[in-house]
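# Structural features, examined
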Amino acid sequence: MGNHLLVGLSRQVTLERQMDVVANNVANINTNGFKADRSLFEEFLTSRAQENNFVGRDRRISFVQDRGTFKDFTQGASELTKNPLDVAIDGAGFLVVQTPAGERYTRDGGLKINNQGQLVNSSGYPVLGGSGPIVLQPTDKELTIAADGNVTVLEGTNRVDSVRGKLRVVRFADAQKLVKEGSNLYSAGAGIGPQPDTVSRVNQGFIEKSNVNSVAEMSRMIEVTRAYTSISAMLQQQGDLRKTAIEKLADVPA
């Protein structure tokens with residue numbers, strides 16, 4: 001196989017991967033607290049040109065290598081909802097939820113109350129406080145979530161706040177090691193653990209939107225499609241040239 005085919009194929013493979021990443025970002029434009037993924041590529045040089053007329057640096061062939069993806073943890077815009085169960089984290093913190101697979105972490109602050117009185121996330125998993133799930137009573141009203149995550153209510157006819165718990169907000173020394181697990185949840189990667197976050201603030205009545213820029217992602221999708229099509233056309237032209245050369249050589253008398 002010619003070097004031009006190998007180089008073109010390496011680029012098409014990375015473009016296909018990039019399209020998957022962009023498509024996933026576009027699909028989550030309206031997912032609360034979603035963090036976009038970004039593709040990371042690098043040049044891979046190899047010495048394959050063996051003809052003597054290729055000298056020095058001209059012997060090196062440049063391939064495209066997919067190094068992987070990284071997460072863009074830029075904070076999304078906060079939208080005012082006036083829903084007392086909605087919270088947006090201002091900072092690098094994450095809410096902690098309890099799942100059947102263990103603790104998981106999310107930026108989605110669209111909370112609800114289940115039929116057991118527990119404060120849960122949009123997937124129905126209990127949101128954890130310092131002492132476990134936060135449980136509300138049937139007589140509780142006027143729920144307030146303070147900037148430090150403290151959850152208070154007015155119980156029954158009392159006019160004095162009753163504390164129901166404190167949202168557990170954590171951060172990570174290297175958030176890039178977090179693993180996306182679907183349902184807008186992250187698990188802690190190898191070698192990292194959650195640390196209490198006393199810097200981030202909790203804003204009640206707001207929701208953090210996705211940090212995906214829809215215009216930029218759609219433009220990137222068009223660029224990837226055009227690049228893939230352009231490479232396909234180039235490889236087809238090279239194939240046609242080789243076919244024509246072979247046919248003409250075959251007509252040369254022995």
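The coordinates are above.
To start, this report covers the structure provided alongside it. (Residues numbered from 1 in each chain as written. Predicted model: local features only at pLDDT ≥ 70, side-chain atom pairs only at ≥ 80, totals over all residues. Heavy atoms only, no water.)

Glancing now at the overall build of the chain. The helix and strand inventory of the chain stands at two helices and 19 strands. Taken over 254 residues, the chain has a buried fraction of 36%. Across the chain, every contact between residues at least 6 apart in sequence was considered, and the portion connecting residues at least 24 apart equals 62%. Accessible surface, the chain: about 14,500 Å² in total, of which carbon and sulfur atoms supply 51%. (Helix = DSSP H or I, 4+ residues; strand = E, 2+ residues; numbered from the N terminus. Buried < 20%, exposed > 50% of the residue type's maximum accessible area, 1.4 Å probe, protein only. Contact = heavy atoms within 4.5 Å. Areas by Shrake-Rupley, 256 points an atom, 1.4 Å probe, with all protein chains shown as cover.)

A few words on the sheet that holds strand β12 (residues 150-155). With respect to topology, three strands assemble into an open sheet ordered β11-β12-β13, the strand pairing being antiparallel. Of all strands in the sheet, those bounded by a partner on one side alone are β11 (140-145) and β13 (161-166). Strand-to-strand twist of the sheet, defined as the mean angle between neighbouring strand axes without regard to direction, takes the value 30°. Direction of pairing for β12 relative to β13: antiparallel, over a ladder of five bridges. Across the sheet, residue Asn150 finds its bridge partner in β13, namely Lys166. (Pairing = 2+ DSSP bridges. Axes fitted to C-alpha atoms, helices over the stretch in contact; angles between N-to-C directions.)

Residue placement: Val224 occurs in helix α2 (residues 214-251). Taking the C-alpha atoms as reference, Val224 lies 6.3 Å from Leu15; in sequence the two are 209 residues apart. Leaving out residues up to four positions away in the same chain, Val224 has contacts with Leu15, Gln18 and Met19.

Moving on, we get to unusual backbone geometry. Its identity is not glycine, yet Glu142 carries a phi of approximately 50°, on the positive side. Take Glu142: it is sitting in strand β11.

Counting across every chain of the model gives eleven salt bridges. Its salt-bridge partner being Asp72, residue Arg38 comes within 3.3 Å of it at the nearest N-O pair. With a gap of 34 residues between them, Arg38 in strand β1 (residues 37-47) and Asp72 in the loop between β2 (60-71) and β3 (78-80) connect regions that are remote in the sequence. Of the charged contacts in the structure, one is a salt bridge between Glu181 and Arg104, with a shortest N-O distance of 2.6 Å. Of this pair, Glu181 sits in strand β15 (residues 179-182) while Arg104 is found in strand β6 (residues 102-106), placing the two residues 77 residues apart along the sequence. A relative accessible area of 44% places Glu181 in the partly exposed class. (Salt bridge = Lys/Arg side-chain N within 4 Å of Asp/Glu carboxyl O.)

Next up on the list: the nonpolar core. Formed by 18 residues in total, the largest nonpolar core has its most connected members in Leu95, Leu111, Leu143, Ile145 and Leu167. Of all the secondary structure elements, the ones that give two or more residues to this core are β4 (87-90), β5 (94-99), β11 and β12. Discounting chain neighbours no more than four positions away, the residues touching Leu167 are Leu95, Leu119, Val127, Leu128, Gly129, Ile134, Ile145, Gly149, Val151 and Val202. By size, the runner-up hydrophobic cluster in this structure holds ten residues, among which are Phe94, Leu128, Tyr186 and Ile192. (Core = buried A, V, L, I, M, F, W, Y, C linked by side-chain atoms within 4.5 Å.)

Moving on to the packing of aromatic side chains. Here the structure, examined in full by the defined rule, presents five aromatic pairs. Relative to Tyr186, the ring of Phe73 has its centre 6.0 Å away and its plane inclined at 45°; by these criteria the two rings are tilted. Residue Phe73 is found in the loop between β2 and β3, and its partner Tyr186 is found in strand β16 (residues 185-187); the two are separated by 113 residues along the sequence. Phe73 sits in the partly exposed class, given a relative accessible area of 25%. Here the aromatic rings of Tyr105 and Phe172 are separated by 5.0 Å at their centres, their planes lie at 80°, and the arrangement is edge-to-face. Of the two residues, Tyr105 is situated in strand β6 and Phe172 in the loop between β14 (169-171) and β15; the sequence distance between them amounts to 67 residues. Both residues of the pair, Tyr105 and Phe172, count as buried. (Phe/Tyr/Trp six-rings, centres within 6.5 Å; stacked < 30°, edge-to-face > 60°.)

Right, let's talk about the pairing of β6 for a bit. With four of its five residues buried, β6 lies for the most part within the structure. When β5 meets β6, the two strands line up antiparallel, connected through five bridges. In the strand pairing of β6, Thr99 is matched with Gly102. The antiparallel hairpin formed by β5 and β6 contains two residues in its connecting segment.

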